[in-house]
Amino acid sequence: MLLPSVSSLVSCVFTAAALLVTMPAAADSKTDALIGELGLGCKNRVVEQFDAPNSDITVRLGSTLQADLDSGAMTATDLEQYGASFDWSVAGQDANGYCNVDGKGKVTEFKQW
């Protein structure tokens, strides 16, 4: 029986490690793209409500949701299924609040503080 050489084993380990390192990056880019798509629904709602230019509007993923994504407790699949929550504000106006969207970016709840 032939045993693999040490160099072959090391090569396999490094190849497997490289695959593990690159896989989350692909998942992160999918998640980031989905967050951008979902956030656009919220941003468009703010534009309608306040007749403000896009450049004055800031939309950020809610902090609890961001923490869940960072920890791996939530994934892009979950965002597609359940949607997301965003905090928003309008520069130069005393306007901010939050916006919930479904997995397709349709606003399901819009609140101003």
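As a starting point, this report considers the structure included with it. (Residues numbered from 1 in each chain as written. Predicted model: local features only at pLDDT ≥ 70, side-chain atom pairs only at ≥ 80, totals over all residues. Heavy atoms only, no water.)

### Looking at the side chain of Asn 100
Along the chain, Asn 100 turns up in strand β3 (residues 95–101). Here the side chain of Asn 100 touches Ser 85 through a polar contact of 2.8 Å, side chain to side chain. A distance of 2.8 Å separates a polar atom in the side chain of Asn 100 from a polar atom in the side chain of Glu 109. When sequence neighbours within four positions are dropped, the list of residues in contact with Asn 100 reads Ala 84, Ser 85, Lys 106, Val 107, Thr 108 and Glu 109. (Helix = DSSP H or I, 4+ residues; strand = E, 2+ residues; numbered from the N terminus. Polar contact = N/O pair within 3.5 Å; in protein donor to acceptor, adjacent residues only side chain to side chain. Contact = heavy atoms within 4.5 Å.)

### A look at the nonpolar core
Core analysis: the biggest nonpolar cluster contains 22 residues, and Phe 50, Leu 79, Ala 84, Phe 86, Trp 88 and Val 90 have the highest contact counts within it. Taken together, the elements giving at least two residues each to this core come down to α1 (6–50), β1 (57–61), α2 (63–71), α3 (76–82), β2 (84–90) and β3. A total of six residues in this core trace back to one element, the largest contributor, which is α1. Aside from chain neighbours lying at most four places away, what touches Phe 86 is Ile 35, Leu 38, Gly 39, Cys 42, Val 59, Arg 60, Leu 61, Gly 62, Gly 97, Tyr 98, Cys 99 and Val 101. (Core = buried A, V, L, I, M, F, W, Y, C linked by side-chain atoms within 4.5 Å. Buried < 20%, exposed > 50% of the residue type's maximum accessible area, 1.4 Å probe, protein only.)

### Re the packing of aromatic side chains
According to the stated counting rule, one finds three aromatic pairs in the structure shown. Look at Phe 50 and Trp 88: their rings are 5.4 Å apart centre to centre, the planes differ by 45°, and that puts the pair in the tilted class. On the criterion of sequence distance, the pair formed by Phe 50 in helix α1 and Trp 88 in strand β2 is long-range, its members being 38 residues apart. Of the two residues examined, Phe 50 and Trp 88, each falls in the buried class. Ring geometry for Trp 88 against Phe 110: centres 5.1 Å apart, planes inclined by 5°, an arrangement best described as stacked. Here Trp 88, found in strand β2, pairs with Phe 110, found in strand β4 (residues 107–112); they are 22 residues apart in sequence, far enough to count as distant. Relative accessible area serves as the criterion here: at 1%, Trp 88 is assigned to the buried category. The exposure class of Phe 110 is buried, given its relative accessible area of 18%. Ring-pair connections join several aromatic residues into one group, and the members of that group are Phe 50, Trp 88 and Phe 110. (Phe/Tyr/Trp six-rings, centres within 6.5 Å; stacked < 30°, edge-to-face > 60°.)

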